[in-house]
Structure formats: structure tokens, C-alpha cells
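What follows is the residue order along each chain.
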Amino acid sequence: MAALLAKLTRAISRSFLVLFLVSSASAQNVEEEKILIAAKAAFQPIKISTPPSDPLSVARINLGRRLFFENRVSADGNISCAHCHIAEKYASDGLQKAIGVFGKENQRNAPTIFNAALNFKQHWRGDRESLEEQAEKSLLGPASFGNLDQQSAMDKLKAIPAYKPAFAQAFPGEDDPVTSKNWGRAIAAYERTLLSPSRFDAYLAGEKNALSASEQNGLRLFIQNGCAGCHDGPGIGGANFQKFGLYEDYWKVTGVAQIDKGRADVTKNNEDLYLFKTPSLRNVARTAPYFHDGSIADLTQAVRVMSKLQLNKQISDDEAADIVAFLNSLTGEVPKNYAPLEPFPDQPDKQ
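Given the structure is predicted, the values throughout are model-derived calculations rather than measurements. (Residues numbered from 1 in each chain as written. Predicted model: local features only at pLDDT ≥ 70, side-chain atom pairs only at ≥ 80, totals over all residues. Heavy atoms only, no water.)

Caption draft 1: Broad picture of helix α12 (residues 317-328). Compared with an ideal rise of 1.5 Å per residue, which puts 12 residues at 16 Å, α12 spans 16 Å between its outermost C-alpha atoms and is within 8% of the ideal. Against α7 (199-204), α8 (213-224) and α11 (299-311) lie the buried residues of α12. (Helix = DSSP H or I, 4+ residues; strand = E, 2+ residues; numbered from the N terminus. Expected span 1.5 Å × (residues − 1). Contact = heavy atoms within 4.5 Å.)

Now the structure itself:
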């Protein structure tokens, strides 16, 4: 009888254990589903469309790719767009502030050009409305290309024989297609191809296993703590302006001596003091240092600074680690076409 009771007890115990495990797994599945639903509400995956195949689009993209890596247009003959957007740095440059023509320091950190097409405006202060405007005006930037005027920049291109037919093919029907406006249009066409989807996009498409448990918990914290209130949409940011330092002056926390007024210098409106474009967090784990001035080199520290300044929260080491794990899931691949074409020769082909 005692043996029978012991056997029944073991059987009942196993049954309860199975029920417990099933119940725990079910609860975990419910929690994972909740996280996915919340993520889909806050973010959207990058939409990769089929590359255009019509001759005009192909010609403009190819010209833009060539111009992006062209350094003979700068005042010193050494600077191209790619100078501050290095493939190994995920199209950033790894510097606190970008260094341009004649070694001049830019006022702000160079953000990645990958996924820049998802931004609602360009530059930290949003003083460029579009990719086209950013590319065109960079020709005159004192710390970028450094040209005195647009025409002198275009004259340098016209001196390279192969550019005239390339512009004519990309912008047919124009008497003089080699213009700064077309420079901007071509480069923007190329930059719109530089998208870098990641495992997070697969997760948003329903592949729950695309993110680890730590990454999913980091995503949950990212949403629940309020980070997704600014860093949302397909770019995980890049769609609004926010004051840097909602709860404390940002320079007191980051330790910088030079205070940047942000968008207020553009609008001349004190209501815009310390407003900056919320940066996209795609590839953020590969694009240090962080913030408009490159003041923070470590991603975990950047997460802590943001939590303190923007959310008035102190997060634990475990929470910070999981949020950083989630941010790592936003790292995509360097686009295959992010490399220079063979440069056009300075002189005509003598063959």
C-alpha cells in the first residue's frame, strides 16, 4: 500500500510539474506577444523596394555614387562626402566632430548616412530640409568642401571630361546639366539606396526568435521607460526635435565646456534652445561617439545619460545591459553598393 501511495505521489508530482512548465511557457509566450505588439505599435520595419531598373534612375544613382566618393571638388582636393562617412564606421567617422577641408573641425558630430533617407530633416539642427539640400549646400560648407561658390565647384567637375556625358545621361534635355542642383539630386538618389535593415526588422515581421531574451527585455524596457516616445518609426528616431536636457542642463552631465544652442541658432527663437533632431538609433552600436558633440564614447554610458536627462530615471546595471543588447539588434549590414566606383580620369582617354 505504501509503495502504491508513493507511486501515485510521484505521478501527481510529475503532473503538477508538467502543468507548471506548460503554464510558465504559456505565460512567457503571452509576455513575448505583448512585447511584439507594443513594438509593432511604436516602430515600423525598413521597407526595401526593388532597385529601380529604368535607365534614368540607374544613371542618377550611379552618378550619385560616383559623386559621393569624389574628392576633386573640394577646395583642397582631398574631401569627399565619404571622408566623414566611412564604411568601417557604418558611414560615420568615429570622431567627436568631423574634420573637413584643410583640416577644419566641423561644429558637430557626423551622423551616419545609412538610413538618412528615413529622417524628416537633415543635420542635428534640422537646418537642411532634404538630402538634396544637404548635399548641394555641403559644397560651400567652410568645414566640409570649402568652395567659395557653387559655380567654382561645378567648374572642377567640368574639367574632368567624363562627367559631362554622365550628367547628360542622368539629367537629359538640359543645356548645362552639370549644376550644383543636379549634384544634390544625384547624391540624394544614391543615398536613398543606403538602407540597412537588421534582425529587428525580422522581429517586427513576426520572427520572435530573431531577438534573444535579453534583447527582448531591453526592447520592453526601451518602450516602457519612454525611450520610444522620441525614438520611434522606421528609423527608431530621426522624425522629430527634442530638447537635450529635459531634467538637467545637458552639459552638466556630459561634461562638455562648449554649449551648443541647437536649433535656436537656426530659428533665432529661444523656445528652440537646446533642441536637436532626435537621431536614428539604427546601427547605433557601431557609430560612436554619441550626441551632437560626440561627448560620450560608450554606448552604455550614453544610455545612462539619456535616461537621466530625458526621463529623470536611474537604471540598474542589468537594465542598461539589456537596453544595450536591444540596441545591438539594430545593427544591419553595410550596403553592398557602399564603395567607390573607379574614378573618372583627369584627362580624356587617348585610345
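Caption draft 2: Region of the structure containing the nonpolar core. In this structure, Phe43, Phe200, Tyr203, Leu219, Phe222 and Leu327 are the most contacted members of the largest nonpolar core, which totals 40 residues. Where this core is concerned, the elements lending two or more residues are α1 (2-42), α7, α8, α9 (250-254), α11 and α12. Not counting the four nearest positions on each side in its chain, Leu327 is found in contact with Phe222, Leu281, Val284, Leu299 and Val303. (Core = buried A, V, L, I, M, F, W, Y, C linked by side-chain atoms within 4.5 Å. Buried < 20%, exposed > 50% of the residue type's maximum accessible area, 1.4 Å probe, protein only.)

Caption draft 3: Structural detail: the packing of aromatic side chains. On inspection of all chains with the given rule, the structure shows 22 aromatic pairs. Taking 6.2 Å as the distance between ring centres and 45 degrees as the angle between the ring planes, the aromatic pair formed by Phe43 and Phe222 counts as tilted. Separated by 179 residues along the polypeptide, Phe43 in the loop between α1 and α2 (55-68) and Phe222 in helix α8 bring together distant segments of the chain. In terms of burial, Phe43 and Phe222 fall into one category: buried. Centre to centre, the rings of Phe120 and Phe241 are 5.1 Å apart; their planes meet at 65 degrees, and the pair counts as edge-to-face. With Phe120 in the loop between α2 and α3 (131-138) and Phe241 in strand β1 (residues 241-243), this residue pair connects regions lying 121 residues apart in the sequence. For Phe120, a relative accessible area of 33% corresponds to the partly exposed category. Feature note: the residues Phe68, Phe69, Tyr90, Phe114, Tyr190 and Tyr338 constitute an aromatic cluster, connected by ring pairs. Positioned above the aromatic ring of Phe344 is the side chain of Arg66, whose terminal nitrogen or guanidinium carbon lies 3.8 Å from the ring centre. (Phe/Tyr/Trp six-rings, centres within 6.5 Å; stacked < 30°, edge-to-face > 60°. Lys NZ or Arg CZ within 6 Å of the ring centre and 35° of its normal.)

Caption draft 4: Spotlight on the side chain of Asp293. Tracing the backbone through its elements, the reader meets Asp293 in the loop between β2 (275-277) and α11. Buried within the structure, Asp293 lacks any salt-bridge partner; its nearest side chain of opposite charge belongs to Lys97, at an N-O separation of 6.5 Å. Side-chain polar atoms of Asp293 contact the side chain of Ser295, separated by 2.8 Å. Setting aside residues no more than four positions away along its own chain, Asp293 makes contact with Gln96, Lys97, Asn109, Tyr250 and Val256. (Lys, Arg positive; Asp, Glu negative; His and termini not counted. Salt bridge = Lys/Arg side-chain N within 4 Å of Asp/Glu carboxyl O. Polar contact = N/O pair within 3.5 Å; in protein donor to acceptor, adjacent residues only side chain to side chain.)

By themselves, these are just geometric observations and shouldn't be taken as functional.
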